[in-house]
Amino acid sequence: MIKNDLFLRALKGETVERPPVWMMRQAGRYLPEFIAIREKYDFFTRCRTPELASEITVQPIRRFGMDAAILFSDILVIPQAMNIEVQMKPNFGPYLPNPVRDQKGVDAVVVPNVNVELGYVMQAIKATKELLNDEVPLIGFAGSPWTILCYVVQGQGSKTYDKTKEFCFTNPIAAHQLLQKITDTTIAYLKAKVKAGVDAVQIFDSWGGMLSPVDYQEFSWQYINQIIEALKDEAPVIAFAKGCWFALEDMAKSNASALGVDWTCSPKIARELTGGNITLQGNFDPARLLSPPSEIKKMVHQMIREFGKDKYIANLGHGILPNIPLENAKAFIDAVKEYKEV
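In what follows, the accompanying structure is described.

On to the nonpolar core, then. One finds F7, M23, L178 and F332 to be the most contacted residues of the largest nonpolar core, which totals 127 residues. When residues in this core are grouped by element, the largest group, eleven residues, is from helix α11 (residues 172-196). Leaving out residues up to four positions away in the same chain, F332 has contacts with V21, W22, M23, F284, L289, I296, V300, M303, N315 and L316.

Okay, the pattern of salt bridges next. The tally for this structure, following the rule as stated, stands at 15 salt bridges. A salt bridge links R9 to E14, with the shortest nitrogen-to-oxygen separation between them at 3.8 Å. Classification of R9 as buried rests on a relative accessible area of 19%. When its relative accessible area of 34% is taken as the criterion, E14 is described as partly exposed. Across the pair E33 and R63 runs a salt bridge, and its minimum N-O distance is 3.0 Å. With E33 in helix α2 (residues 32-38) and R63 in helix α4 (residues 50-64), this residue pair connects regions lying 30 residues apart in the sequence. For E33, a relative accessible area of 23% puts it in the partly exposed group. We classify R63 as partly exposed; its relative accessible area is 37%. Salt bridges sharing partners connect three or more residues here, namely D5, R9, E14 and E17.

As a further point, take the sheet that holds strand β4 (residues 138-143). Taken together, seven strands build an open sheet; the order of strands is β1-β4-β5-β6-β7-β8-β9 and the sheet is parallel. Of all the strands in the sheet, the pair left with one neighbour each is β1 (69-70) and β9 (312-316). Two elements, β4 and strand β5 (residues 200-205), share five bridges in a ladder whose sense is parallel. Each residue of the ladder has a partner; that of A142, found in β5, is I203.

Right, let's get into helix α10 (residues 162-170). Three or more residues of α10 are buried, namely T164, F167 and C168. Looking down the long axis of α10, one finds its buried residues gathered within 95° of arc, a one-sided arrangement. In the core, the buried residues of α10 are packed alongside α6 (103-108), α9 (145-154), α11 and α12 (213-231).

What follows deals with the environment of K104. Position of K104 among the secondary structure elements: in helix α6. On the basis of relative accessibility, which here comes to 71%, the residue K104 falls in the exposed class.

Counting buried positions along strand β6 (residues 237-241) yields five of five residues, so the element is predominantly enclosed. A two-sided burial pattern is seen for β6, the buried positions comprising V237, A239 and A241 on one face and I238 and F240 on the other. Sheet analysis places β5 next to β6, joined by five bridges and oriented parallel. By the bridge assignment, V201 is partnered in β6 with V237. Each parallel crossover has a hand, and for β5 linked through α12 to β6 it is right-handed. Where β6 lies against strand β7 (residues 258-261), three bridges are found, and the strand directions are parallel. Bridged to F240 within β7 is G260.

Parameters and conventions
The residue count restarts for each chain, going from 1 along the sequence in the order it is written. Predicted model: local features are reported for residues with pLDDT of at least 70 only, side-chain atom pairs are reported and counted for 80 or more only, and whole-chain, interface and lining totals are derived from all residues. The side-chain figures draw on all heavy atoms in the structure; neither hydrogens nor water molecules are used. Within this scheme, the nonpolar core is defined by two criteria: the residues are buried Ala, Val, Leu, Ile, Met, Phe, Trp, Tyr or Cys, and they are joined through side-chain atoms within 4.5 Å. Each residue's exposure class comes from its accessible area (1.4 Å probe, protein chains only) as a fraction of the maximum for that residue type: buried when under 20%, exposed when over 50%, partly exposed otherwise. Labels follow the DSSP assignment, with helices taken as runs of H or I lasting at least four residues and strands as runs of E lasting at least two, numbered in each case from the N terminus. What makes two residues a contact is simply this: any of their non-hydrogen atoms within 4.5 Å. The term salt bridge refers to a side-chain nitrogen of Lys or Arg lying within 4 Å of a carboxyl oxygen of Asp or Glu. Note: two strands are recorded as paired if DSSP finds a minimum of 2 bridges between them. What the arc describes is the spread of directions from the helix axis to the C-beta atoms. Every crossover in which the path from the first strand over the helix to the second runs clockwise, viewed with the strands pointing away from the viewer, is termed right-handed.

Right, dumping it as structure tokens:
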């Protein structure tokens, strides 16, 4: 039994004494202990070495005592397992030298045996569970099929994902075949993660907001929903779609246990759109962690009051930035832990 099960109780919609808190990208680049590891090992070595991934996962828990840990990994381990080369270039980000842009490219993409190709992730989960010693739950994650497709077709990060959209809109049959292959792989991957010991999973749709509401339904949400349906009886699923407030109403009708909200949507509107029945997670602007700690505490308490204490997980509206001072990250976590309903 997990000693601090606040996060899991909030996912079930139970009444809690205060909201649980964790931060997206909490295991990472704002922590000096992470930077020390980064100086010795390249990115994918850190992902593929279970003792490194597990150590990085627990670093923020040791320092700040969040209510949940999230496994250190990357969404792009999925395309790597699918026979697509992915490099992580320093000061550039992901680079895929052979982007998939035609039927021939789609045909070459495989749906792998995840336990073979991504076995190192399952080993990292087991190592992390040992280090956590049932203190807090462990979250496993994957990118949404659309977000993975964005990188696979574009070949790198982009402000517009114009080549990805061109591929989808001029060759929709091939695009949907590729999205389905990614979806099938992701379902197998997340099921394997649950079997290995994660307590909940989160789907990151980082680039969902690039699509119009109509295209979002066609190229993103239907595939996320397939994943939710496949996992719903095995573990709680959190769906986080950045920039997709327009889809919250539809997403709330799904079997997701919680929905992530970014900082561009107010708690009031998020609650109205989702009917008040589903747990919401978010939505502090990550850049607001650059405000003075006293200001952060006030804003966090205001955020909790607006969302309400129950059916709510305090978090950022996207990943923590690398330049956040440690005392400011601590102020965010502490503010949630100190919250008292008036």
